[in-house]
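Understanding the architecture of this molecule
What follows is the residue order along each chain.
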Amino acid sequence: MIYLLLFVFLLNVYYFKKKNLFASSYIIHFFFLFIIFIGPAVYYELGYISYSNSFEWPDVIVFEIYGTIIFTISIFYSYILAHTKKSILNKYFQNYRDRNQKLMFLYFLFWFILVGLYLLVYINQLPLVKFILTGNLPERFDQSDSVKLFYTFSSFFMIFIPSGYFFFIKHIKGNISKILLLLIVVFILTSGGHKGLVTFFIIFALLFSGIKFNFKYILIGFFAISGMLVIYTISKGKEFNKETFMYLLESPPRRFFVTQGSGFITRISMKRRNLYKGDIYEYQVIKKETFQEIYPGYNEKGAAPTIFLGDLHVRYGFMFTIVSYIVFLIIIFPIIKGTDNMPDRRLYLWWNLFILFYLIGMAEISYSSSLRILLALFNFIAILTIPYLKLNTIEKS
């Protein structure tokens, strides 16, 4: 089954290249599909066994069937995307111009100030600050109850701060100012002790900014990856030695390309073997019991997130899951096509799509992820709407 999966995947890549769809915002969703379905399939077909205590080989085959169908749907979807010129609200996207820039500036400045004040209140409790001052890395905020409203404000970190960065960076002159802004954003994203978000921020900046790679950007990418590996090593409490070097060659790629997909495979297995004991329609049950299946005897809090299709499979089965995915693609089509038809690529708008596809592709269905999806859609709509507001007192259109 793996060969058919890889063939259909490569067929997508070929068609993307032929129709220049690598410039489409749909490529963001395709990027997460690649992580979820290709990484784990290749990993387990090569004989690696991490997390495999929670499933059997027939479950991997079902997972590969899912991947093959998803990428087959993607080919048809890409064809429609390439041969459709307009969509609903197309003029709204196509006529977008950089009007009311002062209001847009104030909009993003508000979120930066709000987040900054929140961090100042809890500055002494921030894991990053504690590590700098003491050398010890405390528990992440999202795994403790020591800080009030952290999940709400971490949603602001995730959505409004990177989006604002890509807006401000267009208007800032001078490399020092740009570097300072970048450092502020990286500090905010890592302040709660979660290193994954800054990783995806850097990935987005490198892969989806539309820049043409040269030696300068390759060098930036090298230092960015090196920095992420250093942060990852420190967060694991490891010393820099030969053993750590080998650990870095194996652990980060595995966690990036395999972990989320293995969560889907485990869900397939647990449903097949009727292992879920709680009410699977209660959103906490699936993620908690899946985590316990993958990490038996692990006492700390945790979850086993995966693409939203995983929870649908557990609750409603194979056919409903596939149909739901098709419906999802139909719903987001106007957003993708409209974004593609805009005169220029605006990264502060694209970031919201990145977060949308990130949450749908890498997080389980929950109230928390739903809140963040709504905030991403709110920011997307706000960015689209502000230039159309007739506010002559702020800025003449």
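Described in the following lines is the structure provided in the data block. (Residues numbered from 1 in each chain as written. Predicted model: local features only at pLDDT ≥ 70, side-chain atom pairs only at ≥ 80, totals over all residues. Heavy atoms only, no water.)

Two descriptors summarise a pair of aromatic rings, namely the distance from one centre to the other and the angle between the planes of the rings. Tallying each qualifying case throughout the model produces 62 aromatic pairs. Consider the rings of Y51 and Y295, whose centres lie 6.2 Å apart with planes at 80°: the pair is edge-to-face. A residue pair is termed long-range when its members are at least 10 positions apart, and Y51 in the loop between α2 (26-45) and α3 (57-83) and Y295 in the loop between α13 (283-294) and α14 (309-316) qualify at 244 residues. Over the ring of W350 we find R345; its NZ or CZ atom is 4.2 Å from the centre of that ring. (Phe/Tyr/Trp six-rings, centres within 6.5 Å; stacked < 30°, edge-to-face > 60°. Helix = DSSP H or I, 4+ residues; strand = E, 2+ residues; numbered from the N terminus. Lys NZ or Arg CZ within 6 Å of the ring centre and 35° of its normal.)

What follows is about the nonpolar core. The nonpolar side chains of a soluble globular protein tend to be buried with one another. Judged by nonpolar contacts, the single largest core of 111 residues is most densely connected at I28, F32 and F37. Those residues in contact with F32 that sit more than four places away from it in its chain are F200, F354, F357, Y358 and M362. Formed by five residues, the second largest nonpolar core is a distinct cluster that contains M270, Y276, I280 and V314. (Core = buried A, V, L, I, M, F, W, Y, C linked by side-chain atoms within 4.5 Å. Buried < 20%, exposed > 50% of the residue type's maximum accessible area, 1.4 Å probe, protein only. Contact = heavy atoms within 4.5 Å.)

The grouping of F105, L106, L109, I113, L117 and L120 at the surface amounts to a nonpolar patch, some 560 Å² of accessible area in total. Residue position: L120 is located in helix α5 (residues 101-121). Owing to a relative accessible area of 58%, L120 belongs among the exposed residues under this scheme. (Patch = residues over 30% accessible without salt bridge, like charges linked within 9 Å, V, L, I, M, F, W, Y side chains within 5 Å. Areas by Shrake-Rupley, 256 points an atom, 1.4 Å probe, with all protein chains shown as cover. Salt bridge = Lys/Arg side-chain N within 4 Å of Asp/Glu carboxyl O.)

Attention shifts here to the packing of α14 against helix α15 (residues 318-340). Where α14 contacts α15, the two axes come as close as 7 Å, and the packing angle between them is 140°. Considering how the two elements wind past one another, α14 and α15 form a crossing that is right-handed. Residues L309, L312, H313 and Y316 of α14 lie in contact with α15, whose contacting residues are F318, F320, T321, S324 and Y325. Classifying every residue of the contact of α14 with α15 gives six nonpolar, three polar and no charged. (Axes fitted to C-alpha atoms, helices over the stretch in contact; angles between N-to-C directions. Left-handed = near helix turned anticlockwise from the far one by under 90°. Nonpolar A, V, L, I, M, F, W, Y, C, P; charged D, E, K, R; others polar.)

Before going further, it helps to spend a moment on the environment of R346. If you trace the backbone, R346 turns up in the loop between α15 and α16 (347-362). Along the primary structure R346 and K170 are separated by 176 residues, whereas in three dimensions their C-alpha atoms are 9.8 Å apart. At a separation of 3.2 Å, a polar atom in the side chain of R346 contacts the side chain of D98. (Polar contact = N/O pair within 3.5 Å; in protein donor to acceptor, adjacent residues only side chain to side chain.)

Here we come to the environment of N341. Along the chain, the position of N341 falls in the loop between α15 and α16. Between the C-alpha atoms of N341 and K86, which are 255 residues apart in sequence, the distance is 8.0 Å.

That's the geometry; what it means functionally is another story.
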